[in-house]
Amino acid sequence: MPVLVLSPHPVLEASPSKPVEGRSVTLTCKIDLPAQRQSVQFCFSCNDNFLGSGCSRSPKLQIPALWRKWPDYYQCIAVTTSLTTNRWSLPIRIPVQRIPVSDVSLKTRPPGGRVMEGNRLVLICSVANATGNITYLWYRGARGSNLGTKTQHSLTAEFEIAEVNRSDAQQYYCAADNGYGPVPSELVSIDIRVPVSRPVLTFGGAGGRAAPGDLVELRCEAPGGSPPIFYRFYHEAVALGNASAPSGGGASLNFSLRAEHSGAFSCEASNGPGAQRSAAVPLNLTGLSAAAENRRRLPPSGVTAWLLGCLGLITVALIVCYWLKRRLGRQLDGPVRSPRRPASQESSYLNSPDTGQPVYENVSTVRDNEVYSLVYCTQQELDPAAAQHRRTHRTSEVSFEGSSKPRNINITYVDYGDTM
C-alpha cells in the first residue's frame with residue numbers, strides 16, 4: 001500500500017481576517033493533497049483544545065461568535081486514514097475587533113427626574129452600540145463625585161439610591177467603557193420633591209359667621225411642600241371648587257353664601273401621589289328665617305312618618321277613652337228617669353172608656369221645696385166622631401198632689417230622648 005505524502009505544513013486562514021467581536025468566523029485549513037484526497041481528515045484546535053465535534057473530511061470550520069477575551073491561538077491538522085502522516089499548521093492569532101461604546105445616555109426612574117423625598121431613585125445608564133464587557137460609572141455633581149461602578153456584558157446598567165433626601169437634588173451623569181476609553185453621558189437634573197404638609201383652612205373676613213348672600217373667601221394653605229400645589233375645597237362632603245398654586249403657598253376660592261351653606265368646610269392639598277386634608281371649620285349663618293332653620297333641622301322623612309303614625313294612634317286612643325268615660329259617668333250620676341214613651345202629637349189628656357187605661361202619666365220630683373211635674377201622654381186610636389169632638393172641645397186636666405205647701409210650681413215638658 002502506498003504511503004501518502006503530504007506537503008510539509010497546512011496553512012490555516014480566518015475569514016474575515018479581522019472579525020468584529022460577536023460575529024461569526026470561518027476557519028479554512030489549506031494543504032496540497034495527492035489524488036487520494038478522500039483518505040485525509042481535518043481537525044481544528046484553539047489553545048490546544050479541539051473545536052467542534054472532532055475531525056471531519058471538510059477543510060472548513062465555522063465559529064458562530066468570536067469574542068475578545070484573551071489572546072487565542074488557532075491551529076489545524078491534516079490526518080491520513082492510516083494515521084502514519086500528520087501535519088500541523090502554524091498557530092495563528094485572530095485579531096478580534098471590538099465595537100467602541102457610542103451614544104451613552106442617562107435616564108431615571110421615576111421618569112423626568114422628579115422623585116418624592118424618601119422614595120427610591122434609579123439611574124439607568126445605556127449605550128446605543130458596543131461589544132464585549134462594558135464598564136459603567138455613575139457620577140454626581142458637575143465635578144464628578146463617583147457613586148458606583150459596574151462591569152457587565154450588557155448595553156444597559158442600573159444604579160439605585162434607596163431613599164433620596166433634599167441633598168440629592170443635584171445633577172448626575174454616567175460613563176461607559178469597553179476598552180477604548182470612557183464615554184460620558186449628558187447631565188441630568190434630579191428634582192427632589194417635598195410632600196405637602198396638612199393644610200389650614202381660614203375664612204377671609206367672615207370670622208366664622210356670615211349671612212346668606214355674603215361673598216366669602218375660603219383660604220387654604222399648606223405650610224410645606226414642593227410646588228406646584230393643587231387645592232380642592234369642600235362643604236361637608238360636597239366639592240365646591242379647585243385652585244392651584246404654581247409657585248407654592250396657598251390658594252383661595254370665593255363664592256356667594258346660600259342658606260344651605262351653614263355647616264363645616266374643609267380643604268385638601270396635593271402635589272403628587274397622596275393628599276392631605278385640613279381640619280373641618282364650621283361656618284354659622286346669621287339671619288336665617290325660622291322656617292329655613294326648621295327645614296334644615298328636620299329629621300329624615302322616614303323618621304317623620306313614623307312619629308306622625310305614633311301620634312295618630314295615641315290621639316285616637318285618647319278620644320275613645322274620653323268618650324267611654326263620659327258615657328259611663330252619665331249612666332252612673334244621672335237622675336232616675338221613667339222609660340221613654342212615644343211623644344204625643346196632641347195636647348189632650350183623656351180617659352178611654354173602652355180600655356180603662358189612663359192616657360197620661362204624672363211623674364213628680366221635689367227639690368228645695370219646689371215641685372216639678374213632668375206630664376206625657378200616649379196617643380190612642382179614636383173613631384172619626386170622637387176625633388172631631390176632641391178637636392173642638394180640647395181639655396187638659398192636671399192635678400198636683402203630694403205637697404202641702406206648693407211654691408213656684410213650674411210645668412216643664414221634657415223630651416227624654418234629648419237627655420239620654
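What counts as what
All residue numbers refer to positions counted from 1 along the written sequence of the respective chain. The model is predicted, so local features are restricted to residues of pLDDT at least 70 and side-chain atom pairs to those at 80 or more, both for listing and for counting; the totals for chains, interfaces and linings are taken over all residues. With hydrogens and water excluded, all non-hydrogen atoms of the structure serve as input to the side-chain values. Where helices and strands are cited, they refer to DSSP runs of H or I of at least four residues and of E of at least two residues respectively, numbered from the N terminus. Each residue gets one of three labels from its accessible area relative to the maximum for its type: buried under 20%, exposed over 50%, partly exposed in between, using a 1.4 Å probe on protein chains only. The contact rule is simple, with two residues in contact once any of their heavy atoms fall within 4.5 Å. Note on areas: these come from Shrake-Rupley sampling with a 1.4 Å probe, and a residue is covered only by the protein chains present in the view. By the convention used here, strands pair only if DSSP detects at least 2 bridges between them. Structural elements are reduced to axes, namely lines fitted to C-alpha atoms, with helices fitted over the stretch in contact, and the angle between N-to-C directions of any two is expressed from 0 to 180 degrees. In protein, a polar contact requires one atom able to donate a hydrogen and another able to accept it; more generally it is a pair of N or O atoms within 3.5 Å, and residues adjacent in sequence count only if both atoms are side-chain atoms. Only Phe, Tyr and Trp rings are paired, with Trp represented by its six-membered ring, and only when their centres lie within 6.5 Å; those with planes under 30 degrees apart are stacked, over 60 edge-to-face, the remainder tilted. Any Lys NZ or Arg CZ that is within 6 Å of a ring centre and within 35 degrees of that ring's normal is treated as a charge sitting over the ring. In what follows, a disulfide is any cysteine sulfur pair within 2.5 Å. By salt bridge we mean one thing: a side-chain nitrogen of Lys or Arg within 4 Å of a carboxyl oxygen of Asp or Glu.

K.L.:
I'm lost on the overall build of the chain in this one. Help?
P.N.:
Broken down by element type, the chain carries four helices and 30 strands. Expressed as a percentage of the 420 residues in the chain, the buried residues total 30%. Of all intrachain contacts in the chain linking residues separated by at least 6 positions in sequence, the fraction that spans at least 24 positions is 60%. Only carbon and sulfur atoms are counted for the fraction: they give 53% of the accessible area of the chain, which is about 27,100 Å².

K.L.:
Quick question: what am I supposed to make of the sheet that holds strand S19 (residues 200-204) here?
P.N.:
Strands belonging to one sheet form pairs held by backbone hydrogen bonds; the direction of such a pair is parallel or antiparallel. Spatial ordering of the open sheet is given by S19-S21-S24, a layout of three strands whose pairing is antiparallel. Each edge of the open sheet is held by one strand with a lone partner, namely S19 and strand S24 (250-256). Taken over all neighbouring pairs, the strand axes of this sheet differ in orientation by 20° on average, direction set aside. When S19 meets strand S21 (residues 215-221), the two strands line up antiparallel, connected through five bridges. Considered in S21, the bridge of valine 200 is made with glutamate 221.

K.L.:
What's the story with the side chain of glutamine 75 in this structure? I'm lost.
P.N.:
Relative to the helices and strands, glutamine 75 resides in strand S6 (residues 73-80). What makes glutamine 75 buried here is its relative accessible area of 16%. At a separation of 3.0 Å, a polar atom in the side chain of glutamine 75 contacts the main-chain carbonyl oxygen of serine 89.

K.L.:
I would appreciate a short explanation of the packing of aromatic side chains in the present structure.
P.N.:
Remark: the centre distance and the inter-plane angle together describe each pair of aromatic rings, the angle taken between the planes. Counted according to the given criterion, the structure contains six aromatic pairs. When the centroid spacing of 4.9 Å and the interplanar angle of 15° are considered together, the rings of tyrosine 139 and tyrosine 173 count as stacked. Linking tyrosine 139 in strand S12 (residues 134-140) with tyrosine 173 in strand S15 (residues 171-177), this pair joins segments that are 34 residues apart in sequence. Members of the aromatic cluster, connected to one another through ring pairs, are Tyr136, Trp138 and Phe159. Over the aromatic face of tyrosine 234 sits the side chain of arginine 277, whose NZ or CZ is 4.0 Å from the ring centroid.

K.L.:
What exactly am I supposed to notice about the sheet that holds strand S11 (residues 121-126) here?
P.N.:
Here three strands make up an open sheet; going across it, the order is S9-S11-S14 and the pairing antiparallel. Strands at the two margins of the open sheet, each flanked by one partner only, are strand S9 (105-109) and strand S14 (156-161). Within the sheet, the average angular offset between the axes of one strand and its neighbour, ignoring direction, is 25°. Sheet analysis places S9 next to S11, joined by five bridges and oriented antiparallel. The residue bridging threonine 108 from the neighbouring strand is leucine 123, located in S11.

K.L.:
Quick question: what am I supposed to make of the pairing of S21 here?
P.N.:
It is a general feature of regular strands that their side chains alternate between the two faces of the sheet. Across the two faces of S21 the burial differs, with Val216, Leu218 and Cys220 buried and Leu215, Glu217, Arg219 and Glu221 not buried at all. With seven bridges joining them, S21 and S24 adopt antiparallel strand pairing. Across the sheet, the residue bridging to cysteine 220 is alanine 251, located in S24.

K.L.:
Help me understand unusual backbone geometry, please; the structure alone is not making it clear to me.
P.N.:
The bulk of non-glycine residues show a negative phi, and the bulk of peptide bonds are trans. At the junction of arginine 109 and proline 110, the peptide bond is cis and its omega measures out at 10° in the coordinates. Following the sequence through the fold, proline 110 ends up in the loop between S9 and strand S10 (114-116). The omega torsion across proline 227 and proline 228 is -5°, close enough to zero to call that bond cis. Here proline 228 lies in the loop between S21 and strand S22 (229-235). Located in the positive-phi region is aspartate 48, a residue other than glycine, with phi close to 65°. Within the fold, aspartate 48 resides in the loop between strand S3 (40-46) and strand S4 (49-50).

K.L.:
Whenever I open this one, the state of the cysteines confuses me. Can you help?
P.N.:
In a disulfide, the sulfur atoms of two cysteines are covalently bonded to one another. The tally for this structure, following the rule as stated, stands at four disulfides. Here cysteine 43 engages in a disulfide with cysteine 55; their sulfurs sit 1.4 Å apart. When the S-S torsion is 105°, as for the bridge of cysteine 43 with cysteine 55, the disulfide is right-handed. On the criterion of sequence distance, the pair formed by cysteine 43 in strand S3 and cysteine 55 in the loop between S4 and strand S5 (60-63) is long-range, its members being 12 residues apart.

K.L.:
What should I look at first to understand the pattern of salt bridges in this one?
P.N.:
Close approach of charged atoms allows side chains with opposite charge to pair. Following the criterion strictly, the structure yields eight salt bridges and no others. Among the salt bridges present, the one from glutamate 13 reaches lysine 30, with a minimum N-O distance of 2.9 Å. Here glutamate 13 is found in strand S1 (residues 11-15), whereas its partner lysine 30 is found in strand S2 (residues 25-30), with 17 residues between them in sequence. A salt bridge links aspartate 168 to arginine 140; the shortest N-O distance between them is 2.7 Å. One end of the pair, aspartate 168, is in the loop between S14 and S15; the other, arginine 140, is in strand S12, and 28 residues separate them in sequence. Judged by its relative accessible area of 7%, aspartate 168 falls in the buried class.

Keep in mind that these numbers describe shape and distance, not what the molecule does.
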